[in-house]
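# Examination of the molecular architecture
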Amino acid sequence: MTRHIVRTPRATRADGTDGAGMPSGVGDLKRNFPPVVDDRTRVLILGSLPGEVSLAHQQYYAHPQNRFWHLVGEVIDEPLPTLPYAHRLEALRAHRVGLWDVVAEARREGSLDSNIRLHAGSDLAGLIATLPALRAVAFNGGTAARIGQRALARAGLTLPVVLLPSSSPAYTVPYATKREAWLVLREWLGTSPSA
């Protein structure tokens, strides 16, 4: 199913709202992509909401400076950044890695998580119920963790959680530090040296 960005009018009316009745300055309505999972998924990596470049390309983590594909590639020992997008998704599924976002839709100016407004959460409990092999949920960044952990708690789900440093270029931690944290996912996939 293809998702589309819905553009709302930009003009501010006398009542302080845009033409769609939303407060001015809250941004266009953005929607997430379908989850990338199958019944063998062991680790579900959850981001917040696709950024502008990803939405324009209709691809997860399409911004060339986002390190997601590099980091996950190191986790599963595959050259993901060099593969066509469809092959990246196939590789994730083959290595039992799932991918989705905690925000189903929200208003946001630009791509920064700090600009997410009026969000509706994804149905994490509904998705997790379809994943019989799931061992852990990993959150890519603080916003995903904050929203996602609340959703899991409300649903009464008690899965192991891995808090990952954001792969976004806006989170300016050195790559080596991010890599070390992300490699922990191997334990949940059964691919670590001690597994």
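Residues numbered from 1 in each chain as written. Predicted model: local features only at pLDDT ≥ 70, side-chain atom pairs only at ≥ 80, totals over all residues. Heavy atoms only, no water.

### Observations regarding helix H5 (residues 142-154)
Its 13 residues give H5 an end-to-end C-alpha distance of 18 Å, which sits within 8% of 18 Å, the value for a rise of 1.5 Å per residue. Three or more residues of H5 are buried, namely Thr143, Ala144, Ala145, Ile147, Gly148, Ala151 and Leu152. At the exit of H5 stands Gly156, carrying a positive phi of roughly 75°. (Helix = DSSP H or I, 4+ residues; strand = E, 2+ residues; numbered from the N terminus. Expected span 1.5 Å × (residues − 1). Buried < 20%, exposed > 50% of the residue type's maximum accessible area, 1.4 Å probe, protein only.)

### Points about the packing of aromatic side chains
Counted according to the given criterion, the structure contains six aromatic pairs. Ring geometry for Phe68 versus Trp69: centroids 4.9 Å apart, planes at 85°, classification edge-to-face. Overall, the relative accessible area of 0% leaves Phe68 in the buried class. Chaining the aromatic ring pairs together yields one cluster made of Phe33, Tyr60, Tyr61, Phe68, Trp69, Tyr85 and Trp182. (Phe/Tyr/Trp six-rings, centres within 6.5 Å; stacked < 30°, edge-to-face > 60°.)

### Notes on the sheet that holds strand E2 (residues 43-47)
Within the open sheet, the four strands sit side by side as E3-E2-E6-E7. Their pairing is parallel. Across the chains shown, the open sheet's two edge strands, defined by having one partner strand only, are strand E3 (97-101) and strand E7 (161-164). Adjacent strand axes in the sheet meet at a mean angle of 25° when their direction is disregarded. Sheet analysis places E2 next to E3, joined by five bridges and oriented parallel. Pairing of Val43 across the sheet is with Val97, part of E3. Relative to the sheet, helix H2 (residues 68-76) contacts E2, E3 and strand E6 (136-140), its axis offset from that of E3 by approximately 155°. (Pairing = 2+ DSSP bridges. Axes fitted to C-alpha atoms, helices over the stretch in contact; angles between N-to-C directions. Contact = heavy atoms within 4.5 Å.)

### A few points about the packing of H2 against helix H3 (residues 85-94)
Two elements in contact, H2 and H3, have axes separated by 11 Å at closest approach and are oriented at 40°. Judged by the angle between their axes, H2 and H3 are oblique. As H2 runs across H3, the sense of the crossing is left-handed. Across the interface between the two elements, Trp69, Val72 and Ile76 from H2 touch Tyr85, Arg88, Leu89, Ala91 and Leu92 from H3. When grouped by side-chain class, the residues that make up the contact of H2 with H3 number seven nonpolar, no polar and one charged. (Parallel < 35°, antiparallel > 145°, perpendicular 65-115°, else oblique. Left-handed = near helix turned anticlockwise from the far one by under 90°. Nonpolar A, V, L, I, M, F, W, Y, C, P; charged D, E, K, R; others polar.)

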